Amino acid sequence: MPPLKCATELFPANLFDLDEREFPWWVAHTRSRQDKALGRHLLGLSVPHFLPQREKRYRRGGRTFVSYLPLFPGYVFFRGTEPQRHDALRSNLIVRTLPVQEQHVLTQELLQLRRLQQSGASLVPYPDLSSGDPVRVVEGPFKGYTGVVVREAGRLRLIVSVSMLKSAVAVEFERQVLVLAAPSVRSDSRSAVASGY
């Protein structure tokens, strides 16, 4: 049976409007494959949280299955007071909580990610790769091939980063909807990827 989607990815609906002093962000690093269980636990306690997920389709035995996988496996973003943090820790699903020094930055990064989800954009996990990194293709017709990241050929992607985790996701766009950004925010060779999609 494929994994079920968490009852909600985001709680409450106004999560990004909460006051950062009253409801500071925390990043929960969960035990292996316990991120969605923590999301359900936090929902049961009415603790504000965000657990972004992506849909993955696969075929087995001639049938198509759908899984919902966390975009950042092993991590759940939640907001709350110190007592709410302790309530989350009592779940025994968390290895540790990471304090967030730049609250506003995380709010903006996660809000941008949420807006992309709501727009219907297809989000793809994108590891933090640099030019020259050795990689292995894990999906598609070239699965198993190894190589070194040189550049991103034939694909135009906007990289949405969550700097707290040193991780990012890639969103693919058609060329005609993109324009050159200001030099201060242009992408560099770090946007190279070999993913086999």
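Fair warning: this is a prediction, and the values are worked out from it, not measured in the lab.

Draft legend 1. Here's a closer look at the overall build of the protein. Each helix and strand in the protein was counted, giving three helices and 12 strands. Within the span of the protein, comprising 197 residues, buried residues form 40% of the whole.

Draft legend 2. How the structure looks around the sheet that holds strand 6 (residues 75–79). Reading across from one edge, 1-3-6-2-7 is the order of the five strands in this open sheet, with antiparallel pairing throughout. This sheet does not close on itself; its edge strands, each paired only once, are strand 1 (10–11) and strand 7 (94–99). Strand direction decides the pairing type here: strand 2 (residues 25–30) and strand 6, joined by five bridges, are antiparallel. Paired with Ala 28 across the two strands is Val 76, which belongs to strand 6. In this fold helix 1 (residues 35–44) packs onto strand 1, strand 2, strand 3 (49–50), strand 6 and strand 7, with an angle of close to 20° to the strand it touches most, strand 6.

Draft legend 3. Here's a closer look at the pattern of salt bridges. Enumeration according to the criterion identifies five salt bridges in this entry. Arg 21 is paired through a salt bridge with Asp 19; the nearest N and O atoms lie 2.9 Å apart. Classification of Arg 21 by relative accessible area gives exposed; the value is 72%. By relative accessible area, which is 30% here, Asp 19 ends up partly exposed. A salt bridge links Arg 57 to Glu 55; the nearest nitrogen and oxygen atoms lie 2.9 Å apart.

Draft legend 4. The packing of aromatic side chains, seen in detail. Inspection of every chain in the model, using the stated rule, returns four aromatic pairs. On the basis of an interplanar angle of 20° and a centroid distance of 5.7 Å, the ring pair of Tyr 58 and Phe 65 is categorised as stacked. Aromatic pair Phe 72 and Phe 77: ring centres 6.0 Å apart, planes at 90°, arrangement edge-to-face. Here Phe 72 matches Phe 77 in class, with each residue buried. Chaining the aromatic ring pairs together yields one cluster made of Phe 16, Trp 25 and Phe 50. Just above the ring of Trp 26 sits the side chain of Arg 85; from NZ or CZ to the centre is 4.9 Å.

Draft legend 5. Molecular detail of the side chain of Ser 91. Assignment of secondary structure puts Ser 91 in the loop between helix 2 (82–89) and strand 7. A relative accessible area of 15% places Ser 91 in the buried class. For Ser 91, the contacting residues outside a window of four places in its chain are Leu 38 and His 41.

Draft legend 6. Representation of the pairing of strand 6 in the model. In terms of burial, strand 6 is a largely internal element, four of the five residues being buried. With two bridges joining them, strand 3 and strand 6 adopt antiparallel strand pairing. Bridge pairing in strand 6 links His 49 to Phe 78.

Draft legend 7. Expanded view of helix 2. For helix 2, the complete set of buried residues consists of Gln 84, Arg 85 and Ala 88. The buried residues of helix 2 occupy an angular sector of 105° when projected down its axis, which confines them to one face. Buried-residue contacts for helix 2 involve strand 2, helix 1, strand 6 and strand 7.

Draft legend 8. Geometry of the environment of Trp 26. Along the chain, Trp 26 falls in strand 2. Between the C-alpha atom of Trp 26 and that of Val 76, which follows or precedes it by 50 residues, the distance is 8.4 Å. When neighbours within four sequence positions are excluded, Trp 26 is seen to be in contact with Val 76, Phe 77, Phe 78, Gly 80, Thr 81, Glu 82, Arg 85, Thr 97, Leu 98, Pro 99 and Val 100. There is a polar contact of 3.2 Å between the side chain of Trp 26 and the backbone oxygen of Gly 80.

What counts as what
- Residues numbered from 1 in each chain as written.
- Predicted model: local features only at pLDDT ≥ 70, side-chain atom pairs only at ≥ 80, totals over all residues.
- Heavy atoms only, no water.
- Helix = DSSP H or I, 4+ residues; strand = E, 2+ residues; numbered from the N terminus.
- Buried < 20%, exposed > 50% of the residue type's maximum accessible area, 1.4 Å probe, protein only.
- Pairing = 2+ DSSP bridges.
- Contact = heavy atoms within 4.5 Å.
- Axes fitted to C-alpha atoms, helices over the stretch in contact; angles between N-to-C directions.
- Salt bridge = Lys/Arg side-chain N within 4 Å of Asp/Glu carboxyl O.
- Phe/Tyr/Trp six-rings, centres within 6.5 Å; stacked < 30°, edge-to-face > 60°.
- Lys NZ or Arg CZ within 6 Å of the ring centre and 35° of its normal.
- Arc of directions from axis to C-beta.
- Polar contact = N/O pair within 3.5 Å; in protein donor to acceptor, adjacent residues only side chain to side chain.

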